[in-house]
Amino acid sequence: MTSTVSRNISQAITLWSPPRCLSTVFERAMITRSDTHVFHEPFGETFYYGEESGSKRYASQPRVPATYQSISILMRDTVNSAVKPVVFTKDISYFIEGRINETTVPASTTHTFIMRDPRAAIRSLYSKSCIDNEKTKWTYFDPKEAGFKQLHDIFTYVRDKLKQKPIVIDAGDLIANPEGILRSYCTAVNLPYDACMLSWDPGPVPEWGPIELREPGWHDDAIQSSGFHKDKAKHSNVSLASVDDSRFDNEELRTVIEEAAGFYADMYALRLVPTTV
C-alpha cells in the first residue's frame, strides 16, 4: 500500500522518544512500508559524535562533521526530493536538549511521541548503563539520558508554539493492541494503514547502518523482533515497573523516576486510544 501524499514533496513525520520505550520496534514497523523512507536517530550523530556534542559518552571516538544544522538540512532535502511519499524520522528526546527550535523541530513536520511507564523505561536504561552493560560498555547512569523532561519540552513546544495537536503513543497500549494503535496512529498522521506494519523478518536493519558496531547492545531486542508480541512480558509497562530487585534500589534512580512520572502523566492523558476493528 502506498501513501496518498503528493509526490511533489514528501510528508515528514518525526517520532520523539525517551530511550527504552519501544520506539525502535515502532520504527521497524514503519520500515516495512514501501512508501516510507526512514531516518534512524539522526541527531544522535551530533549529540554524541559531533563538534556540538552534548555528551562525554563517546569522547574517545573520532568526531564527525555533523551539526544540528547539517542534519536538519539533510532531512529537509530528503523531504523536498520526494524520494518516497513519506519521510519518517525516529529520534531520542534528549539529543536536542536546549535546542528545541525550528531547526530541530520544524513546523512543516508532523511531530509525534512514544513513551512508556518511566518505572519500566528508566530501570531498563539503568540496567543497560550499569548492570547488563557488557555489550553497551556504558559504565555510569546519567539522569539526563532518561529523556522524559526533554520529551515533555518538545511536546509543549509542538502543542503551544507550533499549534499541532499532540499525537502520543503509550508503549503499553501498543503491545496490548498493536493493530488498534497503529490504525489510530496512521489516521492521526494522515497515512493509510497497512497490515504489513504488524510483522517483519528478524535480523539486521540496513537503514541503521553499522550501529551495532559503534553502539552495541542497545538494539538487540529490536533486531531479533518480528513484530509486536504480547508474550514478551519484558516489553510491557508492568515488567520492570513492578520488579522487586535490590539492584534498582538507590535514591538517584528513585528520584529520576519520580520526576519523570509527572511528565509521563501529563502526556498519558492525551495518548491515542486503539481503533476498534
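This is a predicted model, so every value here is computed, not measured.

Asks: Outline the environment of D201, supporting the account with residue identities and numerical values.
Replies: Mapped onto the fold, D201 is located in the loop between α7 (178-188) and α8 (211-214). Given the relative accessible area of 66%, D201 is considered exposed. Linking D201 and D170, residues 31 residues apart in sequence, is a C-alpha distance of 24 Å. For D201, the contacting residues outside a window of four places in its chain are R28 and S225.

Asks: Break down the side chain of K128 for me, citing the residues and quoting the values.
Replies: Its place among the elements puts K128 in helix α4 (residues 118-131). For K128, a relative accessible area of 12% corresponds to the buried category. Residues in contact with K128, not counting those within four places in the same chain, are R20, N133, T136, W138, G217 and W218.

Asks: Which residues make up the pattern of salt bridges, and what values do they have?
Replies: Taken as a whole and assessed by the stated rule, the structure comprises 14 salt bridges. Linking R271 and D173 is a salt bridge whose minimum nitrogen-to-oxygen distance equals 2.9 Å. Highlighted residues: R271 in the segment after α11 (251-268) and D173 in helix α6 (residues 171-176), separated in sequence by 98 residues. Three or more residues are tied together by salt bridges with common partners; here these are D249, E251 and R254.

Asks: Quick rundown of the sheet that holds strand β2 (residues 36-40)? Include the residues and the values.
Replies: One open sheet holds the five strands; their spatial order is β2-β3-β1-β4-β5, and the pairing between them is parallel. Looking at strand neighbours, the two that pair on one side only are β2 and β5 (167-170), the edges of this open sheet. In this sheet, neighbouring strand axes are inclined to one another by 20 degrees on average, regardless of whether the strands run parallel or antiparallel. Strand direction decides the pairing type here: strand β1 (residues 11-17) and strand β3 (residues 86-92), joined by seven bridges, are parallel. For W16, the partnering residue across the bridge sits in β3 and is D91. Contacts from α7 reach β1, β3, β4 (110-115) and β5 within the one sheet, and its direction differs from that of β5 by about 170 degrees.

Asks: So what about the packing of helix α5 (residues 148-161) against α11? Which residues, and what values?
Replies: The interhelical angle for the contact between α5 and α11, taken along N-to-C directions, is 35 degrees, at an axis separation of 8 Å. As for the relative orientation of α5 and α11, their crossing is left-handed in sense. Between α5, through F148, K149, L151, H152 and F155, and α11, the contact on the second element is made entirely by A260, F263, Y264, D266 and M267. Looking at the contact of α5 with α11, its residues break down into seven nonpolar, one polar and two charged.

Asks: Lay out the nonpolar core with the relevant residues and their values.
Replies: Formed by 46 residues in total, the largest nonpolar core has its most connected members in W16, F43, Y48, V105, F113, I122 and F148. Those elements that provide at least two residues to this core are β1, α2 (43-49), α3 (68-81), β3, β4, α4, α5 and α11. The next biggest cluster of nonpolar side chains, apart from the first, holds 32 residues, and it includes I169, C186, A222 and F228.

What counts and how
Residues numbered from 1 in each chain as written. Predicted model: local features only at pLDDT ≥ 70, side-chain atom pairs only at ≥ 80, totals over all residues. Heavy atoms only, no water. Helix = DSSP H or I, 4+ residues; strand = E, 2+ residues; numbered from the N terminus. Buried < 20%, exposed > 50% of the residue type's maximum accessible area, 1.4 Å probe, protein only. Contact = heavy atoms within 4.5 Å. Salt bridge = Lys/Arg side-chain N within 4 Å of Asp/Glu carboxyl O. Pairing = 2+ DSSP bridges. Axes fitted to C-alpha atoms, helices over the stretch in contact; angles between N-to-C directions. Left-handed = near helix turned anticlockwise from the far one by under 90°. Nonpolar A, V, L, I, M, F, W, Y, C, P; charged D, E, K, R; others polar. Core = buried A, V, L, I, M, F, W, Y, C linked by side-chain atoms within 4.5 Å.

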